[in-house]
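Residue-level structure breakdown
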Amino acid sequence: MLHFDLFTLFPGMFAGVFTDSILKRAQESGLMSVSLHNIRHYASGRHHVTDDTPYAGGGGMVMKPGPIYRAVETVLSHPAGWSWLPDQPADEPPVAEEPPALPAGVPIILLSPQGRRFDQDAAGALACKQRIALICGRYEGVDERVRTGLVSDEISIGDYVLSGGELAAAVIVDAVTRLLPGALGCDVGAAEDSFASGLLEYPQYTRPPVYRGWGIPEILTSGDHARVGRWRREQALLRTWQRRPDLLAAARLSQADRDFLARLETGMGQD
Ligand code: SAH
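Residues numbered from 1 in each chain as written. Predicted model: local features only at pLDDT ≥ 70, side-chain atom pairs only at ≥ 80, totals over all residues. Heavy atoms only, no water.

1. Considering the packing of aromatic side chains
- Scanning the model with the defined rule gives 3 aromatic pairs in all.
- Both rings, one in Tyr211 and one in Trp214, keep their centres 6.4 Å apart while their planes meet at 45 degrees; by these two values the pair is tilted.
- With relative accessibility at 45%, the residue Tyr211 sits in the partly exposed group.
- Trp214 sits in the exposed class, given a relative accessible area of 59%. (Phe/Tyr/Trp six-rings, centres within 6.5 Å; stacked < 30°, edge-to-face > 60°. Buried < 20%, exposed > 50% of the residue type's maximum accessible area, 1.4 Å probe, protein only.)

2. Describing helix α7 (residues 225-243)
- Taking 1.5 Å per residue, 19 residues should reach 27 Å; α7 reaches 26 Å between its end C-alpha atoms and fits that length.
- Among the residues of α7, Val228, Trp231, Gln235, Ala236, Leu237, Leu238 and Thr240 are the ones counted as buried.
- Here the buried face of α7 lies against α8 (255-265). (Helix = DSSP H or I, 4+ residues; strand = E, 2+ residues; numbered from the N terminus. Expected span 1.5 Å × (residues − 1). Contact = heavy atoms within 4.5 Å.)

3. Things to note about the pattern of salt bridges
- Counted by the stated rule, this structure contains 11 salt bridges.
- Linking Arg116 and Asp153 is a salt bridge whose minimum nitrogen-to-oxygen distance equals 2.6 Å. With a gap of 37 residues between them, Arg116 in strand β5 (residues 108-117) and Asp153 in strand β7 (residues 153-156) connect regions that are remote in the sequence.
- Owing to a relative accessible area of 42%, Arg116 belongs among the partly exposed residues under this scheme.
- Across the pair Asp143 and Arg145 runs a salt bridge, and its minimum N-O distance is 2.7 Å.
- Salt bridges sharing partners connect three or more residues here, namely Glu144, Arg147 and Glu154. (Salt bridge = Lys/Arg side-chain N within 4 Å of Asp/Glu carboxyl O.)

4. With respect to the pairing of strand β2 (residues 32-38)
- Of all 7 residues in β2, 6 are buried, a share of seventy percent or more.
- Summarising the sheet, strand β1 (residues 2-8) and β2 pair through 7 bridges and their orientation is parallel. By the bridge assignment, Asp5 is partnered in β2 with Ser35.
- Note on the crossover from β1 through helix α1 (residues 21-28) to β2: the handedness is right-handed. (Pairing = 2+ DSSP bridges. Right-handed = clockwise from strand over helix to strand, strands pointing away.)

5. Considering unusual backbone geometry
- For the peptide bond that leads from Arg207 to Pro208, omega is 5 degrees, which places it in the cis range.
- By the secondary structure assignment, Pro208 is in the loop between α6 (187-192) and α7.
- A positive phi angle, near 65 degrees, is found at Ala56, a position not held by glycine.
- For Tyr139, which is not glycine, the phi torsion reads 55 degrees and is therefore positive.

6. Details of the site of the ligand
- Every one of the 20 residues lining the ligand counts as a neighbour, but Leu111, Gln114, Glu140, Tyr160 and Leu162 are closest to it.
- Between the ligand and Gly165 there is a distance of 3.5 Å, counted from an oxygen atom to a backbone nitrogen or oxygen.
- Elements with a contribution of two residues or more to the shell around the ligand: β5 and β7.
- Among the elements that make up the shell around the ligand, the one with the highest residue count is β5 (4 residues).
- For the shell around the ligand, a count of residues per class yields 9 nonpolar, 9 polar and 2 charged. (Near = heavy atom within 4 Å. Polar contact = N/O pair within 3.5 Å; in protein donor to acceptor, adjacent residues only side chain to side chain. Nonpolar A, V, L, I, M, F, W, Y, C, P; charged D, E, K, R; others polar.)

7. Section: the sheet that holds β7
- Pairing is parallel across the open sheet formed by 5 strands, whose spatial order is β2-β1-β6-β5-β7. A strand with exactly one partner marks an edge of an open sheet, and here the two such strands are β2 and β7. Sheet twist, expressed as the average angle between the axes of neighbouring strands with direction ignored, equals 35 degrees.
- Pairing analysis gives 3 bridges linking β5 to strand β6 (residues 131-135), with the strands arranged parallel. Each bridged residue has a counterpart across the sheet, and for Leu110 the counterpart in β6 is Ile135. (Axes fitted to C-alpha atoms, helices over the stretch in contact; angles between N-to-C directions.)

Pasting the structure below:
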């Protein structure tokens, strides 16, 4: 069982994301669960202010450290699944006088374009955890002291800037959940996905056998599993060689794979 604690100023952005398809099924079958925590609920004062202007100017707003620390420390000092909802906006959350010790083994991840790039290996590592905290930034980002004092990891989902960490967090929840044993319903699926073996996946076909005049590779209806397996492997190698040659250096390759790639390099084998 894996539990995600999501910290956000905009919990409404997750509406729909967790209520369909695989993510819905994974929650219903008890494989994973999600709690949304509104950082604003942990901001003190009548106006529950969560952001402020940057020191020395520069424009935009920066998320204050206090509400984020209070939210994460309060939630993580409770068992997974706990969340606090105010009865009325002026309510104060149950914050300990002393900052509580954070539980060991729970990654506290800040979504940030400056973090390490998320990939299938990172998703696999997170799928082994029991509880994961994800902090979604907004505006110009979060006060640097959140990064230096609270978070254990910073993750970026790609080299572009989003307006908030919510979509990035949803991407991570999705990619991690489909790796949980049983989430896909068919465990072969995830093992053959692109990146699982360090290669892009081979092309897939389904019925009808002829669509707009285009057929399917004959081998797929041959019933010869060994030949189909070899064809798929070679297609995966060909695709990766054509589209993402950078992946080949780290891929797990057999001697037959290397021979096939060598034939590609000399211009043979692309028939
Ligand atoms: N000024 C910041 C960007 C702020 S974008 C900078 O240049 O680093 C606002 C928030 O969106 C960030 O705090 C982060 O939580 C989220 N975000 C933006 N792009 C992201 C990305 N590529 N991956 C993950 N989170 C991202």
